[in-house]
Amino acid sequence: MSVSNLNTQVNVLSNYIYPFQMSLVKTAKHMLRKDIKKMIAVMEPEEKKYQSDFVTEKLLSRPEYQKSHRISVFISMIDEIQTDKIIHNIFESGKTCFIPRYADGSRDMEMVRLYSLQDLENLPRTKWNIKQPPESEERENALETGGLDLVLVPGLAFTVNGRRLGRGKGYYDTFLNRCRATQATPPFTVGLAFSQQIVADIPTDKNDACIDLVLYRM
């Protein structure tokens, strides 16, 4: 058999194997999301607050946070590490704060300027009950005005070495890959997690962005 014929057969076989592998990854992610959501759902509010405060203190003491000037932070939902104290500290420290704005019906997400705590208070809520500026409102876009030094990343599950499982929409994977492709110095990325969200392994594919550091209560 010639080399060219062998390569053709390998390519044909790969066309069958790759979709099968991706299907297995998708199924494994779905099952893991269900398991993690169940564990978070039974956490008491006091435990969530305790772990959130612990993770916040760890973050604020990190040199990567202290030396950063332009920081993006997610506005937390009830099943995530609470970020309100982090947002307060960003403003108290004179840093520049950016928050996610999701485009409905796509995987597009941009980080736009949050100007004050009052600005945060006045933001409307989306259909997912997340506060964010309306898509029609003009705001400073982080990647168009100097980039980001630090990106704080939510997730449903993390590994200690930076693998991440999101909610399945691909917003952060797409955004982080864009950051790393466009910024001369990519931002440092930090995942914030409850200890219940730390797992031994997460199935990933080529589109999944890894995180530089994951903070949680051991």
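What this report covers is the structure whose coordinates are included nearby. (Residues numbered from 1 in each chain as written. Predicted model: local features only at pLDDT ≥ 70, side-chain atom pairs only at ≥ 80, totals over all residues. Heavy atoms only, no water.)

### Examining the side chain of N141
With respect to the helices and strands, the residue N141 is situated in the loop between α5 (117–122) and β4 (150–153). There is a polar contact of 2.9 Å between the side chain of N141 and the side chain of E110. (Helix = DSSP H or I, 4+ residues; strand = E, 2+ residues; numbered from the N terminus. Polar contact = N/O pair within 3.5 Å; in protein donor to acceptor, adjacent residues only side chain to side chain.)

### Observations concerning the pairing of strand β3 (residues 109–114)
As paired elements, strand β2 (residues 96–102) and β3 share 6 bridges and run antiparallel to each other. If you follow I99 over to β3, its bridge partner there is V112. Connecting β2 to the antiparallel partner β3 that follows it, the hairpin turn spans 6 residues, and G105 within it adopts a positive phi of roughly 85°. (Pairing = 2+ DSSP bridges.)

### With respect to the packing of aromatic side chains
Aromatic ring pairs are reported here in terms of the distance separating the ring centres and the angle at which the planes meet. According to the stated counting rule, one finds 1 aromatic pair in the structure shown. Taking the ring centre of Y216 as reference, the NZ or CZ of K58 above it sits at 6.0 Å. Of note, K95 hangs over the ring of Y65, and the distance from its end group to the ring centre comes to 5.1 Å. (Phe/Tyr/Trp six-rings, centres within 6.5 Å; stacked < 30°, edge-to-face > 60°. Lys NZ or Arg CZ within 6 Å of the ring centre and 35° of its normal.)

### Some words on the nonpolar core
Counting 52 residues, the largest nonpolar core has V73, I99, M111, L152, Y172, V190 and L192 as its most contacted members. The leading source of residues in this core is helix α6 (residues 171–182), at 5 residues. With sequence-adjacent residues up to four places away left out, L192 is seen in contact with V55, F74, I81, T83, I86, L152, V153, F158, Q197 and L215. (Core = buried A, V, L, I, M, F, W, Y, C linked by side-chain atoms within 4.5 Å. Buried < 20%, exposed > 50% of the residue type's maximum accessible area, 1.4 Å probe, protein only. Contact = heavy atoms within 4.5 Å.)

### Some thoughts on the sheet that holds strand β7 (residues 188–192)
Spatially, 6 strands are ordered β3-β2-β1-β4-β7-β8 in an open sheet, and the strand pairing comes out mixed. One side of each edge strand has no neighbouring strand; the edge strands of this open sheet are β3 and β8 (213–215). Sheet twist, expressed as the mean angle between neighbouring strand axes with direction ignored, is 30°. As paired strands, β4 and β7 are joined by 4 bridges and run parallel to one another. Across the sheet, the residue bridging to V151 is T189, located in β7. Contacting β4, β7 and β8, helix α2 (residues 45–60) crosses the sheet at an angle of about 140° to β8. The sheet strands contacting helix α4 (residues 84–92) are β1 (70–72), β2, β3, β4 and β7, and the helix crosses β2 at an angle near 135°. (Axes fitted to C-alpha atoms, helices over the stretch in contact; angles between N-to-C directions.)

### Quick word on the pairing of β4
As a general feature of sheets, a regular strand has side chains that alternate between the two faces. Covered by surrounding structure in β4 are L150 and L152 together with V151 and V153, the residues of both alternating faces. Two elements, β1 and β4, share 2 bridges in a ladder whose sense is parallel. Considered in β4, the bridge of S72 is made with V151.

### Quick notes on the pattern of salt bridges
For side chains of opposite charge, pairing can occur when their charged atoms come near one another. In the structure shown here, the tally under the stated rule is 15 salt bridges. Across the pair D53 and K49 runs a salt bridge, and its minimum N-O distance is 2.8 Å. Note that D53 and K49 are positioned in helix α2 at a spacing of 4 residues, about one turn of the helix. Linked through salt bridges whose partners overlap, the residues forming this network are K29, D205 and D208. (Salt bridge = Lys/Arg side-chain N within 4 Å of Asp/Glu carboxyl O.)

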